[in-house]
Amino acid sequence: MSQTVRGVISRKKGDPVELVDIIIPDPGPNDVVVKVTACGVCHTDLTYREGGINDEYPFLLGHEAAGTVETVGSAVTAVAPGDFVVLNWRAVCGQCRACKRGRPQYCFDTFNASVPMTLTDGTALTPALGIGAFADKTLVHEGQCTKVDPDADPAVAGLLGCG
């Protein structure tokens, strides 16, 4: 069942960001709903707001985050509900030429969630770097979740997702 949560969006180039209700849909087969515990503020989010990445507004900002897996799709094997994770913006395929050469940072076929998060009026959101973590919860591909020690400080662990 979809959920309504709060999130910080940018509707238009240069406009102030807004805290609004957003809809987190049920996860697709390889998707994960993560309850965000901490999310850092990165210059990349300002760059999204200023139109420096692309113009696919509205953006759901935030990408360097940590949280707890809440719900998983039917085919998810990498994480389970209750796992503490860092969200990473590259979910590599493992099969392309770059991945097979041991250079996943150049992956040609990265993954994001299979269904979009939306505004309450149904407008699809573009999550910053495929994450959109300036929200109470977010929807990501399972490959965007890296399990970490549950005793790690979420504010510190989340910063790793940017790098």
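Here the structure is a predicted model, which means the values were calculated and not measured.

What counts and what doesn't
Residues numbered from 1 in each chain as written. Predicted model: local features only at pLDDT ≥ 70, side-chain atom pairs only at ≥ 80, totals over all residues. Heavy atoms only, no water. Pairing = 2+ DSSP bridges. Helix = DSSP H or I, 4+ residues; strand = E, 2+ residues; numbered from the N terminus. Core = buried A, V, L, I, M, F, W, Y, C linked by side-chain atoms within 4.5 Å. Buried < 20%, exposed > 50% of the residue type's maximum accessible area, 1.4 Å probe, protein only. Contact = heavy atoms within 4.5 Å. Salt bridge = Lys/Arg side-chain N within 4 Å of Asp/Glu carboxyl O. Axes fitted to C-alpha atoms, helices over the stretch in contact; angles between N-to-C directions.

Draft legend 1. Geometry of the sheet that holds strand S7 (residues 118–119). Pairing is mixed in the open sheet, where five strands are placed in the order S7-S2-S1-S4-S8. Every interior strand has two partners, whereas the edge strands, S7 and strand S8 (126–127), have only one. The sheet contact formed by strand S1 (residues 3–10) and strand S2 (residues 18–24) spans seven bridges and is antiparallel. Across the sheet, residue Val8 finds its bridge partner in S2, namely Leu19.

Draft legend 2. How the structure looks around the nonpolar core. Core analysis: the biggest nonpolar cluster contains 13 residues, and Val32, Val34, Val79, Val85, Leu87, Val140 and Cys145 have the highest contact counts within it. Contributions of two or more residues to this core are made by strand S3 (31–39), strand S5 (65–72) and strand S6 (84–87). By residue number, the principal contributor to this core is S3, which donates three residues. Apart from the residues within four sequence positions on either side, Val34 is in contact with Gly67, Thr68, Val69, Glu70, Val85, Leu87, Asp136, Lys137, Thr138, Val140 and Cys145. Among the nonpolar cores identified, the runner-up in size contains 12 residues, and Ile9, Val33, Leu125 and Ala135 belong to it.

Draft legend 3. Region of the structure containing the pattern of salt bridges. For the structure on display, the rule yields four salt bridges. Note that Asp136 and Arg6 form a salt bridge whose closest N and O atoms lie 3.1 Å from each other. Here the residue Asp136 occupies a position in the loop between S8 and strand S9 (137–141), and Arg6 occupies one in strand S1, the gap between them amounting to 130 residues. The class of Asp136 is partly exposed, set by a relative accessible area of 28%. Its relative accessible area of 46% is what places Arg6 among the partly exposed residues. A salt bridge links Glu18 to Arg11, with the nearest nitrogen and oxygen atoms 2.7 Å apart.

Draft legend 4. Representation of the environment of Gly67. Topologically, Gly67 is positioned in strand S5. Residue Gly67 is classed as buried on the basis of its relative accessible area of 0%. Between the C-alpha atoms of Gly67 and Gly122, which are 55 residues apart in sequence, the distance is 26 Å. Contacts of Gly67, omitting those with residues within four sequence positions, involve Val34, Lys35, Val36, Thr37, Asp83, Phe84 and Val85.

Draft legend 5. The arrangement of the sheet that holds S5 in detail. Pairing is antiparallel across the open sheet formed by five strands, whose spatial order is S9-S3-S5-S6-S10. Every interior strand has two partners, whereas the edge strands, S9 and strand S10 (145–147), have only one. When strand polarity is set aside, the average angle formed by the axes of neighbouring strands in this sheet is 45 degrees. Where S6 and S10 come together, three bridges link them in antiparallel fashion. Paired with Val85 across the strands is Lys147, a residue of S10.

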